[in-house]
Number of protein chains: 2
Amino acid sequence: MIRPLLVLRLLTMPCLWMGLVQLVFGELSFMLFKDNVASNFAMPASITLGVSLVLLIAFKKYQLPSVSTREAMLFASLTWLAVGVLGAIPIVTIAHVTFTDGVFESISALTTTGATVLSGLDEMPRTFLMYRQFLQWMGGLGVVIFVVAILPMLNIGGMRLLKAETPGPIKDEKLSPRVASTTHYLWLVYLTITALCAICYYLAGMSVFDAIGHSFSTVSTGGFSTHDASMGYFHSSLLLWICNVFMLLGATNFALHYRVYLAKSIKLYWRDEEMKAFLMIVFVISCLLAFYLYQKGANATFSGAFTESFFHVISFITSTGFAATDLSAWPAVTAVVLIFVGYIGGCAGSTAGGNKVIRNIISLKSVGLELKRLVHPNGVFAMKFQGRTIGADVRHSVMGFMCLAALTTMVFTVLLMTTGLSFVAALSATAACLNVLGPGFAELGSSFAPLTDTGTWMMSFAMILGRLEYFTVLVLFFPVLWRH
Amino acid sequence: MIRPLLVLRLLTMPCLWMGLVQLVFGELSFMLFKDNVASNFAMPASITLGVSLVLLIAFKKYQLPSVSTREAMLFASLTWLAVGVLGAIPIVTIAHVTFTDGVFESISALTTTGATVLSGLDEMPRTFLMYRQFLQWMGGLGVVIFVVAILPMLNIGGMRLLKAETPGPIKDEKLSPRVASTTHYLWLVYLTITALCAICYYLAGMSVFDAIGHSFSTVSTGGFSTHDASMGYFHSSLLLWICNVFMLLGATNFALHYRVYLAKSIKLYWRDEEMKAFLMIVFVISCLLAFYLYQKGANATFSGAFTESFFHVISFITSTGFAATDLSAWPAVTAVVLIFVGYIGGCAGSTAGGNKVIRNIISLKSVGLELKRLVHPNGVFAMKFQGRTIGADVRHSVMGFMCLAALTTMVFTVLLMTTGLSFVAALSATAACLNVLGPGFAELGSSFAPLTDTGTWMMSFAMILGRLEYFTVLVLFFPVLWRH
Ligand SMILES: [K+]
Ligand SMILES: [K+]
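First things first, this report covers the structure right here in the doc. Given the structure is predicted, the values throughout are model-derived calculations rather than measurements. (Residues numbered from 1 in each chain as written. Chains lettered and ligands numbered in written order. Predicted model: local features only at pLDDT ≥ 70, side-chain atom pairs only at ≥ 80, totals over all residues. Heavy atoms only, no water.)

Right, let's get into helix α13 (residues 332-344) of chain B. Residues and elements named next belong to chain B. Among the 13 residues of α13, twelve are classified as buried, and the element is accordingly described as predominantly covered. Within α13, the full set of buried residues consists of Val333, Thr334, Ala335, Val336, Val337, Leu338, Ile339, Phe340, Val341, Gly342, Tyr343 and Ile344. Phi turns positive one or two residues past the end of α13, at glycine 345, with a value near 80 degrees. (Buried < 20%, exposed > 50% of the residue type's maximum accessible area, 1.4 Å probe, protein only. Helix = DSSP H or I, 4+ residues; strand = E, 2+ residues; numbered from the N terminus.)

Written out as structure tokens, the structure reads:
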């Protein structure tokens, strides 16, 4: 059973938060950047804050500790939608885009997708640019809390696996106290990494504004930039390698970061089966791509091909979506490889999208086990992950997730094509949104502006669907499942 | 353990058979068609027959009943390769193509793929044209025996499911007696349906030559034609609808055909869960496509759109690959839908390729069960198919198969692109070969001739891989699995 008023009461919290953020950005515009957009932030902020406070007081009798898992799923889906709409208001009024495009841009920021309908970023008000970057950072934090605190409990797509991995409070079965206690340490880890990233960017030559702005979209694996040319604007290999490190850190399980911090041992990263596989996949694919690019003459020097390969593979596998060069000038196969790499994804429990490395490992092990069973029909084989035996339920969830990702990709690609896009544009946009990756190709190579309104709404939905790991959202569309 | 000489002994049988077939076609050329290609068939036939007979006598001490499942898998893979090479010889000498292209064409015929490197078919010797058609029919029969008699025993991709469905002898665990007894009734069913198809084609206006030739490639869901324009050559809606019926019959589980025959009740088709789902999928997708085509003005009349939609959806879902119109003149999305539809495939135990309807059903049910489990975390749910409970092992096999199909598609698409193809051409060729479907798009829209030699060999391998349901072939590439 769903209690709508309780869900509404829960929704006031992220809305209040969005109101506060916009208020701060109004203040920043007025006091610091002096770019005359203060009212674009302050106006919607005051309305949001007012309405949210009234609702909060009206519904204060609804106690949080009693939230059920179904209500949590509805709340998660509605949060991204509601905050997306609220966050869109300054975008609509400052960048002069339609409501449809504004909501798309806002949801793209909050889901850390980083697909944009805007161009001419370099001329936009600085408050507005920083606001976009900050939305990604905030969205990334929300995602981390969702994937570390809520997903393992629901066991969406086999994520109960991670439960044994996560620190103390996570094993608690009650939703709210758990979210509260987990949020505390996740927030600290997230903030620390972001601060380190900003400092490194600054020391490597970015302005304070760009360093902070890009640290927001790097650690959240969001991929928004304050420049149309993205990371290519800076023409610095050093910055690309710094970016590589922090994209990887953002795509690492945040519970693992916390364990590394507690144990004061960096070796734990390598001892984690998912993280180890992740780094090896990145290394192998990047090297193959570097050799291919160099051999095809897409890069003049091997070190250039090496740097660009690592940067783009990491950017796509972590679902960040930064670019450092004009990808359309590369051989067509590289774009396809990068799109496919986006489906691998980062580690579970991180800000990264895609299917997650852990699910790829379990799927491959599952296929391997089938091959083994064929050769030894009477053998009994158990699947191991990180030393523990993986049960049939986890395998079912994981494989179901993979099939759903493939099916959803096909459905959205066909639907987008009926709005008039080419196959490559439709497939790349679908992959970019479902994997919260960002960059499109072909007609959508420079921005998502060419999408029709219908297409834009589809992609806004796809981003929320992918961000919340499909099941969380889909379950809401089958009321028949809710019956006992 | 593999006994190479036993496998060689087994291989003499299909080779002998191929020799006999070529001998008959040499005779046909000399006596009936008088098209001066008799020696092109008689020469390789005599060599093949001679060598095979010598080997057969030399290895007669190897007894067939003792064949192990591993040897059966190796035998199945090598059969398609060996017979493919032998079948290629007349193609190379008559159509004047390279050895690479000849083997591709031959494997394409025998795996019932129907992808071709040839053009100008209408001017080719009639013996040669009928030979190509007959190879498909023979390949189709081989496939039916493989999928009904061998696959369920190996439980490749969850096919143990079908065991309870198949008539008496199939439940036997010994390989050879089972293949022998099963072959008998499969052969009768296959021959009956083909004869009916040829008669219907003839009555609807085809020449005797075309009626027999097209019945071979319809019931085997092969898709070769004696005309470059494929079924479009005849300009007859009636023929398209007859073709629809027999493509569907070819894509039906042949064990089900036999049960229908035994029970003398056509209702059994509808009572079969897989068949029912198959027909409903065909109906729904065809209707949607018909409406879309009519609305987009691709067809002037609705009845024209209706006929063409059903024909092409059935042609692609059954992996036949006949065309009745220039698909490149249709909206781009239709080609994509047809490629995706090819992945659904026909029923298990038929000549059709693709992932098979049964695996789609089980995957969807698996995803549905996951959604249900999310809503009712403490519920216990069992999966039912055709009234029986489906165990975890079948689900693992099925989902493993689906993941493997997706992964293989990505790998071959990327590899083909490195040979210089566009994304659409590479993806469509991969889908056409893995699903033993046939038609390519973009550069490969009229034939597979533009492929490089490397690309052609890749696709020859892909056809065998897809035809033998991935696992049978892949298992041979991991010797490490063979250790105890
Ligand atoms: K992103
Ligand atoms: K075919």
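We are not done yet, so read on.
This next bit is on the relation of the copies chain B and chain A. Mapping chain B onto chain A leaves a residual RMSD of 0.0 Å; the transformation is a rotation of 180 degrees accompanied by 0.0 Å of translation along its axis. The relationship between the two copies is best expressed as a two-fold rotation axis. Both copies contact each other with a shared surface, as 98% of the interface residues of chain B are interface residues in chain A too. (Least-squares fit on C-alpha atoms with pLDDT ≥ 70 in both. Contact = heavy atoms within 4.5 Å.)

All right, on to the coordination of the potassium ion (ligand 1) then. In a perfect tetrahedron of four donors around a metal, the angles come out at 109.5 degrees. In a perfect octahedron of six, they are 90 or 180 degrees. Residue and element names in this part refer to chain A. Around the potassium ion (ligand 1), the donor atoms from the protein are Thr112 (O), Thr113 (O), Thr221 (O), Gly222 (O), Ser319 (O), Thr320 (O), Val436 (O) and Leu437 (O), and they sit 2.4 to 2.9 Å away. Mapped onto the sequence, the donors of the potassium ion (ligand 1) take the spacing T-T-x107-T-G-x96-S-T-x115-V-L. Here threonine 113 is found in the loop between α4 (99-110) and α5 (126-154), whereas its partner threonine 221 is found in the loop between α7 (208-219) and α8 (237-250), with 108 residues between them in sequence. Each member of the pair threonine 113 and threonine 221 is classed as buried. (Donors = N, O, S within 2.8 Å, 3.2 Å for Na, K, Ca; no water.)

To continue, consider the packing of helix α15 (residues 392-418) of chain B against helix α16 (residues 423-434) of chain B. Residues and elements named next belong to chain B. Between α15 and α16, the least distance of the axes is 8 Å, while the angle of their chain directions is 130 degrees. With respect to α16, the element α15 is oriented oblique. The element α15 and its partner α16 pack so that their crossing is right-handed. For the pair formed by α15 and α16, the contact residues are Thr408, Thr409, Phe412, Thr413, Leu416 and Met417 on the first element and Phe423, Ala426, Leu427, Ala429, Thr430 and Leu434 on the second. For the contact of α15 with α16, a count of residues per class yields eight nonpolar, four polar and no charged. (Axes fitted to C-alpha atoms, helices over the stretch in contact; angles between N-to-C directions. Parallel < 35°, antiparallel > 145°, perpendicular 65-115°, else oblique. Left-handed = near helix turned anticlockwise from the far one by under 90°. Nonpolar A, V, L, I, M, F, W, Y, C, P; charged D, E, K, R; others polar.)

Residues and elements named next belong to chain B. Protein coordination at the potassium ion (ligand 2): the donors are Thr112 (O), Thr113 (O), Thr221 (O), Gly222 (O), Ser319 (O), Thr320 (O), Val436 (O) and Leu437 (O), at 2.4 to 2.9 Å from the metal. Read in sequence order, the donor residues for the potassium ion (ligand 2) give the motif T-T-x107-T-G-x96-S-T-x115-V-L. Taken together, the residues threonine 320 in the loop between α12 (302-317) and α13 and valine 436 in the loop between α16 and α17 (453-467) connect sequence positions 116 residues apart. Residue threonine 320 is classed as buried on the basis of its relative accessible area of 0%. On the accessibility criterion, valine 436 (1% relative accessible area) is buried.

Turning our attention to the packing of helix α11 (residues 273-295) of chain B against helix α14 (residues 357-375) of chain B. If you want to describe how two helices pack, look at the angle between their axes and the distance between the axes. All names here are of chain B. Packing of α11 against α14 leaves a shortest axis separation of 9 Å and a crossing angle of 90 degrees. Between α11 and α14, the angle is such that the two are roughly perpendicular. Of α14, the residues touching α11 (which contributes Glu273, Glu274, Ala277, Phe278 and Ile281) are Val357, Ile358, Ile361 and Lys365. For the contact of α11 with α14, a count of residues per class yields six nonpolar, no polar and three charged.

As a further point, take the nonpolar core. Counting residues in each nonpolar core, the largest one holds 312 residues, and the members touching the most others are A:Phe448, A:Met459, B:Phe448 and B:Met459. Residue assignment places this core across two domains, with domain 1 (1-88) and domain 2 (122-413) of chain B each supplying three or more. Not counting residues up to four positions away in its chain, the partners in contact with A:Phe448 are A:Phe104, A:Ala115, A:Thr116, A:Val117, A:Ala429, A:Ala432, A:Cys433, A:Gly438, A:Pro439 and A:Gly440. (Core = buried A, V, L, I, M, F, W, Y, C linked by side-chain atoms within 4.5 Å. Domains from an automatic or database assignment.)

All names here are of chain B. Within the structure shown, the criterion is met by 55 aromatic pairs over all chains. The interplanar angle of 85 degrees and the centroid separation of 5.1 Å between the aromatic rings of tyrosine 233 and phenylalanine 234 together place this pair among those described as edge-to-face. A residue is classified by how much of its surface remains accessible, and phenylalanine 234, at 17% relative accessible area, is buried. The interplanar angle of 45 degrees and the centroid separation of 6.3 Å between the aromatic rings of phenylalanine 412 and phenylalanine 461 together place this pair among those described as tilted. Of this pair, phenylalanine 412 sits in helix α15 while phenylalanine 461 sits in helix α17, placing them 49 residues apart in sequence. With relative accessibility at 7%, the residue phenylalanine 412 sits in the buried group. Among the residues examined, phenylalanine 461 registers a relative accessible area of 33% and is labelled partly exposed. (Phe/Tyr/Trp six-rings, centres within 6.5 Å; stacked < 30°, edge-to-face > 60°.)

For the rest of this paragraph, the subject is the interface of chain B and chain A. Note: interface size is frequently given as the accessible area lost on complex formation between the parts. Taken together, the 51 residues of chain B in the interface contact 51 residues of chain A. Roughly 4500 Å² of surface becomes buried between chain B and chain A when both sides are summed, with 79% attributable to carbon and sulfur atoms. Summed over the three residues of chain B that lose the most area to chain A, namely B:Leu374, B:Val375 and B:His396, the buried surface amounts to 15% of that side. Counting across the interface, chain B meets chain A through zero salt bridges. Counting across the chain B and chain A interface gives four residue pairs in polar contact (both at pLDDT 80 or more). Taken together, the elements giving at least two residues each to the side of chain B that touches chain A come down to α3 (69-95), α13, α14, α15, α16 and α18 (471-474) of chain B. Residue composition of the side of chain B that touches chain A, by class: 33 nonpolar, ten polar and eight charged. (Buried area = accessible area lost by both parts, 1.4 Å probe. Salt bridge = Lys/Arg side-chain N within 4 Å of Asp/Glu carboxyl O. Polar contact = N/O pair within 3.5 Å; in protein donor to acceptor, adjacent residues only side chain to side chain.)

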